[in-house]
Each structure stands twice: as C-alpha cells, then as structure tokens.
Amino acid sequence: MPTPTPPGTVRPTTPADLPDLARLWNDAAVMRHVGFPDGLGITADDLGRWWDALDGDPRRRHLTIEAPDLGYCGEAHDRADPAGETATVDIKLRPAAQGRGLGALGLSAALDELFGRDLARRATVDPHRDNAPALRLYERLGFRPDPEGSTAEGHVVLAVTAAAWAARSARPG
Ligand SMILES: CC(C)(COP(=O)(O)OP(=O)(O)OC[C@H]1O[C@@H](n2cnc3c(N)ncnc32)[C@H](O)[C@@H]1OP(=O)(O)O)[C@@H](O)C(=O)NCCC(=O)NCCS
C-alpha cells in the first residue's frame, strides 16, 4: 500500500519567509477574520522590527507551513506568558491553502512543541463566533470554551491544556 503523502510541512520561520508573511498579513481575505478587514498594511520595515523582537524572545515561536504544490501556505505562532501558564496561539493560511488540513498540521506542530518543551500549561485561541472553519478546527484539536477567558466582543476564548493535548496525542490512530 502506498504511504500517504503528508499534506504539507511545518518548519521554523526564517528571515527569508518575511516577504511571504507580509503578503499573508496584508491579505484582507485572511485578516478580516482577525479584526483587520483591509489587511494589516504592514511594511517591510515594520515586519523587520517585529521579527527582531520575536527572534530574541525564548517565549515565542513562529512556524511556517508549506505544501509541495503551493509553496508558502501560512503561519503558526505561539507566545507563552512569563509565568509559563498560558500561551496564545495563532494560525493563518492564505486562501489557496485553506480547506486541506494544513491548519490542523500547523497548529498541531505548534502545540507539540509548546507542550513538549513545557513552555506553558495551556494554550488559548480567540476566534470570532462567526469563524466556522476556525471554530471547527479548534474543537477538533481539543480546544474547549474557557469560562475565565476575556476577549474582544464577538469573539470567544477556547483553551486546551497540556494534559489534554498529551492524552489526545497518545491516542492510537
Ligand atoms: C481557520 C483556518 C486556520 C482553518 O484551517 P484549514 O486547514 O483551512 O481548515 P479546514 O478548511 O480544513 O476546516 C476546518 C474544519 O472546518 C470545517 N469548515 C470549513 N468551512 C466551514 C464552514 N463554512 N462552516 C462550517 N464548517 C466549516 C471543515 O469541514 C473542517 O471540519 P472537519 O475537520 O470536521 O472536516 C484557515 O481557514 C484560515 O487560515 N483562515 C483565515 C485566518 C483565520 O481565521 N485564522 C484563525 C483566527 S482565530
């Protein structure tokens, strides 16, 4: 039986990825889901400063998602608080890369590393209530509503704990 082809790959972001990342963040079709209906409008200089801050911070990681037929697909980013309690996680794919399992791939890689390195006890996301693909993705990966979470109006905070992620990852299949 042939080995199934993985839908894509996930690797640490490098400075060479920043032009693709700027295109992702400036794409209104992507960024409208996270509160920027016209895209972020970020410049190369701004992005360079953002990268410098991220690159020197051990509590943050940025991953790049790629697929053989599409090249650059998107990002996963996590940022743990100083106490190592909670990490916020972001996932974004360019439109051509959506709907083929790459969101789960990228987010799972981020959570594996976050919890595998014991950088946080739980991870949170805060999708808009109308963002059905994001809500479905998070639910499928084990995120559940966080009663203590507070975020912008219209959004909901969901959380997955390190223990729940480990139990899920240990499941056969
Ligand atoms: C959210 C995002 C990361 C999801 O990743 P993805 O790889 O595209 O995920 P999929 O398209 O496979 O969809 C995830 C699930 O939502 C379902 N779904 C897709 N569109 C849907 C819709 N309009 N209504 C309901 N469910 C939908 C899919 O069927 C799938 O469910 P399944 O696992 O049961 O099959 C991606 O769509 C994205 O980058 N969106 C723009 C940025 C964004 O919203 N980021 C998240 C901010 S919180």
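Explain the overall build of the chain here, please?
For the chain, the helix and strand inventory stands at six helices and seven strands. When the helices and strands of the chain are placed in sequence order, the string is β-α-α-α-β-β-β-α-β-α-β-β-α. For the chain, the C-alpha radius of gyration of 16 Å lies close to 16 Å, the compact-globule estimate for 173 residues. Seen through its C-alpha atoms, the chain measures out along the principal axes to roughly 50 × 40 × 35 Å.

Please clarify how the site of the ligand should be interpreted in this entry.
Around the ligand, 21 residues are found, and the nearest of them are His33, Gln98, Gly103, Ala132 and Arg136. Looking at the shell around the ligand, the elements that each hand over two or more residues are β4 (86-93), α4 (102-116) and α5 (132-140). Tallying contributions element by element places α5 first for the shell around the ligand, with six residues. The class makeup of the residues in the shell around the ligand is eleven nonpolar, seven polar and three charged.

What am I meant to see in the pairing of β4 here?
Successive residues of a regular strand alternate their side chains across the two faces of the sheet. By the bridge criterion, seven bridges tie strand β3 (residues 71-80) to β4 in an arrangement that is antiparallel. When the sheet's bridge partners are listed, Asp78 is paired in β4 with Val89. Connecting β3 to the next strand, β4, in antiparallel fashion are five residues, including Gly84 with a positive phi near 70°. Note: β4 against strand β5 (residues 122-125), three bridges, orientation parallel. Each bridged residue has a counterpart across the sheet, and for Ala87 the counterpart in β5 is Ala123. Where the polypeptide runs from β4 across α4 and back to β5, its parallel neighbour, the crossover connection is right-handed.

Would you explain unusual backbone geometry in this entry?
Here the phi dihedral of Asp118 falls at roughly 60°; this positive angle occurs in a residue that is not glycine. Relative to the helices and strands, Asp118 resides in the loop between α4 and β5. Note on Asp118: 10 C-beta atoms within 10 Å, which makes it exposed.

Would you explain the sheet that holds strand β6 (residues 144-145) in this entry?
Sheet strands pair via backbone hydrogen bonds, and the direction of the pair is either parallel or antiparallel. Strand order in the open sheet formed by seven strands is β1-β2-β3-β4-β5-β7-β6, and the pairing between neighbours is mixed. Pairing within the sheet leaves two strands with one partner each, and these edge strands are β1 (9-12) and β6. For β1 and strand β2 (residues 60-67), the ladder comprises four bridges, and the chain directions are antiparallel. Looking at the pairing, Val10 lines up with Ile65 of β2.

Got a minute to help me understand the nonpolar core in this structure?
One broad trend across soluble globular proteins is that nonpolar side chains are buried collectively. Core analysis: the largest hydrophobic core is formed by 31 residues, its most contacted members being Ile65, Leu114 and Ala123. Of all the elements in the fold, those that place two or more residues in this core are β2, β3, β4, α4, β5, α5 and β7 (158-161). Top contributing element to this core by residue count: α4, with seven residues. Non-local contacts of Leu114, meaning those with residues more than four positions away in its chain, are made with Asp78, Ala87, Leu119, Ala120 and Ala123. By size, the runner-up hydrophobic cluster in this structure holds five residues, among which are Leu21, Ala22, Trp25 and Val30.

Cut-offs applied
Residues numbered from 1 in each chain as written. Predicted model: local features only at pLDDT ≥ 70, side-chain atom pairs only at ≥ 80, totals over all residues. Helix = DSSP H or I, 4+ residues; strand = E, 2+ residues; numbered from the N terminus. Rg over C-alpha atoms; globule rule 2.2 N^0.38 Å. Near = placed C-beta within 6 Å. Nonpolar A, V, L, I, M, F, W, Y, C, P; charged D, E, K, R; others polar. Pairing = 2+ DSSP bridges. Right-handed = clockwise from strand over helix to strand, strands pointing away. Buried ≥ 20, exposed ≤ 12 C-beta atoms within 10 Å, placed from the backbone. Core = buried A, V, L, I, M, F, W, Y, C linked by C-beta atoms within 7 Å. Contact = placed C-beta atoms within 7 Å.

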